[in-house]
Amino acid sequence: MHETVLISGDAHPRLGRDLAHALGIVQIPAAIAAFADGETRIRIADSLHGKHVLIVQGSAPPANERLMTLSLLADAARGAGAAHICAVMPYFAYARQDVRDGGPLSAALAARLLAAASIDRVVTLELHAAALESAFPMPMLNLRADALLLPAIEAWARDDFAIVAPDAGGLKRAQRYAIALKTPLAVVTKCRSAADISAAHALLGDVKGRRCLIVDDMVSTGGTIANAAAALLTAGAAEVHALFVHAVLAPGALARMRAAGVRRIVTTDSIARDPHPDIEVVAIARFLAQALRRDMTSAPAAINGL
Ligand code: R5P
């Protein structure tokens with residue numbers, strides 16, 4: 001039986017600590033520093049010989065830095081003797097560029113880079129599109145956040161409620177919430193004219209007089225939610241609220257959503273950020289620990305250290 005240990009990167013140290021505690025495993029320190037030229041310097045002093053290593057490092061902004069640090073940590077862990085390396089990436093960046101359209105298939109490339117860095121398995125939460133699971137060359141686990149988030153909103157779901165997808169890509173996710181809460185479903189279709197610029201195109205579904213909850217995987221500029229909120233209020237929605245898994249929240253995003261009339265905002269702490277009085281945060285550590293424990297106890301004995 002291989003012992004499982006955890007190494008936290010620099011993206012979300014508190015989550016690393018909470019996960020190690022919830023799993024009851026040892027956290028191995030990794031020194032992460034920067035050379036004067038901007039290169040990242042990693043040092044792992046302990047031997048990891050024969051160990052199953054969880055590296056907790058999502059790719060929240062700055063995504064390029066986080067990915068490179070994760071790759072370096074994995075290579076250092078392998079060099080220190082790790083038998084199996086699982087990257088725990090609560091937020092997996094680069095997942096939105098998933099059609100060629102003259103550009104890269106960035107999620108597939110990021111996954112291949114991680115495989116080249118000797119990562120054997122990736123565990124992530126609510127990947128932008130489930131179809132991307134097949135782009136990973138290594139085994140991966142894409143956890144849905146439904147069971148984590150539904151308890152936070154169940155009490156709101158009365159007769160006048162509706163779940164709304166803010167774009168066609170998010171329809172299946174929103175549909176899962178509508179089915180679980182037994183509420184009507186609507187969708188605002190979206191056009192994206194540039195990287196961070198989108199506009200609502202059409203609203204499908206009856207939201208008049210309803211309290212609407214927009215469900216999305218992530219918010220970056222807040223434009224998608226703000227545009228959907230404006231379309232819903234124009235169509236006679238009584239209230240608009242938002243729930244999303246990953247609070248990337250670029251500067252101005254919160255104000256943009258608020259200005260568009262979004263009232264309650266519920267998200268998770270998949271990305272490290274300071275508390276904000278306007279944002280309700282559901283902690284992911286215990287949920288993630290349970291999923292990792294299940295994952296590892298159902299994995300082959302060679303990596304089953306829990
Ligand atoms: C895109 O399809 C995603 O699901 C989100 O809707 C989008 O990334 C949110 O970005 P922003 O907040 O910048 O509109």
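As the structure is a computational prediction, the values presented were derived from the model and not from experiment.

Explain the overall build of the protein to me, please; I cannot follow it from the model alone.
Along its length, the protein carries 8 helices and 15 strands. A globule of 306 residues ought to have a C-alpha radius of gyration of about 19 Å, and the protein, at 20 Å, matches this closely. Considering only C-alpha atoms, the protein reaches an extent of 60 × 40 × 35 Å along its principal axes. Relative to its full complement of 306 residues, the protein shows a buried share of 52%. Accessible surface computed for the protein: about 13600 Å², of which carbon and sulfur atoms make up 55%. Distance between charge centroids for the protein: 3 Å, based on 30 positive and 28 negative side chains.

Sorry, what's going on with empty space enclosed by the protein here?
Over the atoms, a rolled probe matching the size of one water molecule traces out where space is still vacant. Under the defined criterion, the tally for this structure stands at 1 cavity of 30 Å³ or more. Of the volumes computed, that of the largest cavity is approximately 50 Å³. As for the largest cavity, its lining consists of A11, H12, V56, Q57, G58, S59, A60, P90, Y91, S270, I271 and A272. Residue classes in the lining of the largest cavity are distributed as 7 nonpolar, 5 polar and no charged.

How do you make sense of helix α8 (residues 285-297) when you look at a structure like this?
Three or four residues apart is the spacing at which side chains of an α-helix point the same way, because the helix has 3.6 residues per turn. Its 13 residues place the ends of α8 18 Å apart at the C-alpha level, agreeing with the 18 Å of an ideal helix rising 1.5 Å per residue. Taken as a whole, α8 has its buried residues at A285, F287, L288, A289, A291, L292, D295 and M296.

Could you clarify how one ought to interpret the layout of surface pockets in this entry?
Empty space within the largest pocket amounts to approximately 1000 Å³. Among the secondary structure elements, those contributing two or more residues to the lining of the largest pocket are β10 (185-194), β12 (211-219) and α6 (223-234). No other element matches β12, which puts 4 residues into the lining of the largest pocket. In terms of residue class, the lining of the largest pocket is made up of 19 nonpolar, 12 polar and 11 charged. Its volume calculated, the second largest pocket comes out at about 270 Å³. What lines the second largest pocket is a set of 14 residues, and nearest its centre among them are A129, A130, K172, R173 and R176. Only β8 (140-143) and α5 (171-181) provide two or more residues apiece to the lining of the second largest pocket. When residues of the lining of the second largest pocket are assigned to their parent elements, the largest contribution, 3 residues, is made by α5. Per-class residue counts for the lining of the second largest pocket are 5 nonpolar, 3 polar and 6 charged.

Is there a simple way to think about the site of the ligand in this case?
Neighbouring the ligand are 14 residues, the closest being R96, D216, D217, T221 and T224. A distance of 3.4 Å is found between an oxygen atom of the ligand and a side-chain nitrogen or oxygen belonging to K190. Here an oxygen atom of the ligand and a side-chain polar atom of D216 are 2.6 Å apart. Look at the ligand: alone it shows 380 Å² of surface, and the protein chains cover 94% of it.

So, how was this worked out
- Residues numbered from 1 in each chain as written.
- Predicted model: local features only at pLDDT ≥ 70, side-chain atom pairs only at ≥ 80, totals over all residues.
- Heavy atoms only, no water.
- Helix = DSSP H or I, 4+ residues; strand = E, 2+ residues; numbered from the N terminus.
- Rg over C-alpha atoms; globule rule 2.2 N^0.38 Å.
- Buried < 20%, exposed > 50% of the residue type's maximum accessible area, 1.4 Å probe, protein only.
- Areas by Shrake-Rupley, 256 points an atom, 1.4 Å probe, with all protein chains shown as cover.
- Lys, Arg positive; Asp, Glu negative; His and termini not counted.
- Charge placed at Lys NZ, Arg CZ, Asp CG, Glu CD.
- 1 Å grid on protein atoms, 1.4 Å probe; cavity = no way out; pocket = protein on both sides within 12 Å on 5 of 7 lines; lining within 4 Å.
- Points joined across faces, edges and corners; volume = space filled by probe spheres on them.
- Nonpolar A, V, L, I, M, F, W, Y, C, P; charged D, E, K, R; others polar.
- Expected span 1.5 Å × (residues − 1).
- Near = heavy atom within 4 Å.
- Polar contact = N/O pair within 3.5 Å; in protein donor to acceptor, adjacent residues only side chain to side chain.

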